[in-house]
Amino acid sequence: MELTTIHLVRHGEVDNPTGVLYGRAPGFHLTDLGREMAEAVGERFADGHDVRFIMASPLERAQETAQPTARAFNLPIVSDERLIEADNAFEGVAVNKNRLILAHPRYYPLYVNPFRPSWGEDYNLVARRMSGAIATALEEARGGEAVLVSHQLPIWTMRRFIERKPFAHDPRKRQCALASVHSLTFVGNQLLALDYWEPAAHLLTQASDMVPGTSAAAEAKGN
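Because the structure is a prediction, the values reported are computed rather than measured.

## A closer look at the overall build of the protein chain
1) Next: For the protein chain, the helix and strand inventory stands at four helices and eight strands.
2) Next: Along the chain direction, N to C, the helices and strands of the protein chain fall in the order β-α-β-α-β-α-β-α-β-β-β-β.
3) Next: Over its C-alpha trace the protein chain gives a radius of gyration of 17 Å, about what one expects of a compact globule, namely 17 Å for 223 residues.
4) Next: Its C-alpha atoms give the protein chain principal-axis dimensions of roughly 55 × 35 × 25 Å.
5) Next: In the protein chain, buried positions account for 51% of the 223 residues.
6) Next: Expressed as a percentage of contacts within the protein chain between residues at least 6 apart in sequence, the contacts between residues at least 24 apart total 70%.

## Overview of unusual backbone geometry
With the exception of glycine, the majority of residues adopt a negative phi angle, and the majority of peptide bonds are in the trans configuration.
1) Next: Backbone torsion omega between Arg 116 and Pro 117 reads -5 degrees, so that peptide bond is classified as cis.
2) Next: Located in the positive-phi region is Asn 74, a residue other than glycine, with phi close to 55 degrees.
3) Next: Secondary-structure assignment places Asn 74 in the loop between helix H2 (60-73) and strand E3 (78-79).
4) Next: Positive phi, normally seen in glycine, also occurs at Arg 164, with a value near 60 degrees.

## Brief notes about the side chain of Glu 64
1) Next: If you trace the backbone, Glu 64 turns up in helix H2.
2) Next: Setting aside residues no more than four positions away along its own chain, Glu 64 makes contact with His 29, Leu 30 and Ala 38.

## Digging into the nonpolar core
1) Next: Judged by nonpolar contacts, the single largest core of 25 residues is most densely connected at Ile 6, Leu 8, Ile 134, Ala 146 and Leu 148.
2) Next: Sorting the residues of this core by element identifies strand E1 (3-10), strand E2 (51-56), helix H3 (123-140), strand E4 (145-150), helix H4 (152-162) and strand E5 (181-187) as the ones contributing at least two each.
3) Next: With eight residues, the top contributor of residues to this core is H3.
4) Next: Not counting residues within four places of it along the chain, the set of residues in contact with Ile 6 comprises Ile 134, Ala 137, Leu 138, Ala 146, Leu 148, His 182, Ser 183, Leu 184 and Phe 186.
5) Next: Of all hydrophobic cores here, the second largest spans 24 residues; its members include Val 9, Ile 54, Leu 203 and Leu 204.

## Regarding the layout of surface pockets
1) Next: In this structure, the largest pocket spans a volume of roughly 950 Å³.
2) Next: The wall of the largest pocket is formed by 35 residues, among which Leu 21, Asn 88, Pro 171, Arg 174 and Val 211 lie closest to the centre.
3) Next: For the lining of the largest pocket, the residue count by class is 17 nonpolar, eight polar and 10 charged.
4) Next: Reported here for the second largest pocket is a volume of approximately 220 Å³.
5) Next: Considering the residues around the second largest pocket, the lining is formed by Ser 131, Ile 134, Ala 135, Leu 138, Met 158, Phe 161, Ile 162, Arg 164, Leu 184, Phe 186 and Leu 191.
6) Next: The set of elements that each furnish at least two residues to the lining of the second largest pocket consists of H3, H4 and E5.

## Some words on the pattern of salt bridges
1) Next: Going through the model one piece at a time under the given rule, you end up with 14 salt bridges.
2) Next: For Arg 35, the salt bridge is made with Asp 32, and the minimal N-O distance between the two is 2.3 Å. Here Arg 35 pairs with Asp 32, and both are found in helix H1 (residues 32-46), just three residues apart, close to one helical turn.
3) Next: By relative accessible area, which is 41% here, Arg 35 ends up partly exposed.
4) Next: Across the pair Lys 165 and Glu 163 runs a salt bridge, and its minimum N-O distance is 3.4 Å.
5) Next: Exposure remark for Glu 163: the relative accessible area of 30% places this residue in the partly exposed category.
6) Next: Within the structure, one salt-bridge network assembled from shared partners comprises Arg 24, Glu 121 and Arg 129.

## Let's talk about the sheet that holds E4
1) Next: The sheet built from six strands is open, its strands ordered E3-E2-E4-E1-E5-E6 with mixed pairing. Two strands lie at the open edges of the sheet, namely E3 and strand E6 (190-197), each paired on one side alone.
2) Next: Sheet topology note: the E2/E4 ladder contains five bridges and is parallel. Directly across from Val 51, in E4, lies its bridge partner Glu 145.
3) Next: Against the sheet, H4 contacts E1, E4, E5 and E6, and its axis sits at roughly 140 degrees relative to E1.

Parameters at a glance
Residues numbered from 1 in each chain as written. Predicted model: local features only at pLDDT ≥ 70, side-chain atom pairs only at ≥ 80, totals over all residues. Heavy atoms only, no water. Helix = DSSP H or I, 4+ residues; strand = E, 2+ residues; numbered from the N terminus. Rg over C-alpha atoms; globule rule 2.2 N^0.38 Å. Buried < 20%, exposed > 50% of the residue type's maximum accessible area, 1.4 Å probe, protein only. Contact = heavy atoms within 4.5 Å. Core = buried A, V, L, I, M, F, W, Y, C linked by side-chain atoms within 4.5 Å. 1 Å grid on protein atoms, 1.4 Å probe; cavity = no way out; pocket = protein on both sides within 12 Å on 5 of 7 lines; lining within 4 Å. Points joined across faces, edges and corners; volume = space filled by probe spheres on them. Nonpolar A, V, L, I, M, F, W, Y, C, P; charged D, E, K, R; others polar. Salt bridge = Lys/Arg side-chain N within 4 Å of Asp/Glu carboxyl O. Pairing = 2+ DSSP bridges. Axes fitted to C-alpha atoms, helices over the stretch in contact; angles between N-to-C directions.

Set out below in structure tokens:
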């Protein structure tokens, strides 16, 4: 019975002093703490795992999170747009600093359909592209393990798809901490199990996150 495990890894803490929703914007790198988180992930994978393939979102924070694992296994990082952050009309807005800004009339058209959602990329499209990336990794790492570094919303959308839950959800209830891992174990092409773990759990109380969800990180509000 051939087992293959695909690990969906969220990036580490991001250097975001103004507390804006950075989305797909370039230039957002890991903080020093974020790099520690990436090292913690790499160390855990290096301890007994059989990583054969590494793929990451093209955004800097994902590429930097993948680097320690790539070094540990002497593997290249394959950049793939299918792992990129979900598009969001609020990109560049400091949404956590003053929530009242979201009540401005100019944003009303964005709230027409929260189930899609109308302010960003369709959840169905996110699940479709993430599924495609996982299928590619499954072929590349057959009989071993693959590490795919992505972002909170795409990973959480994929989890809800796997668990057959509605895509619309409360972001405060996301179980997808910084540098966390969702491990999908397959027998052939059939999904056998989904497991969640946090290699950098010991660093989360020092971290800030735009959407902490259920994690121990603080909400990033900026200076």
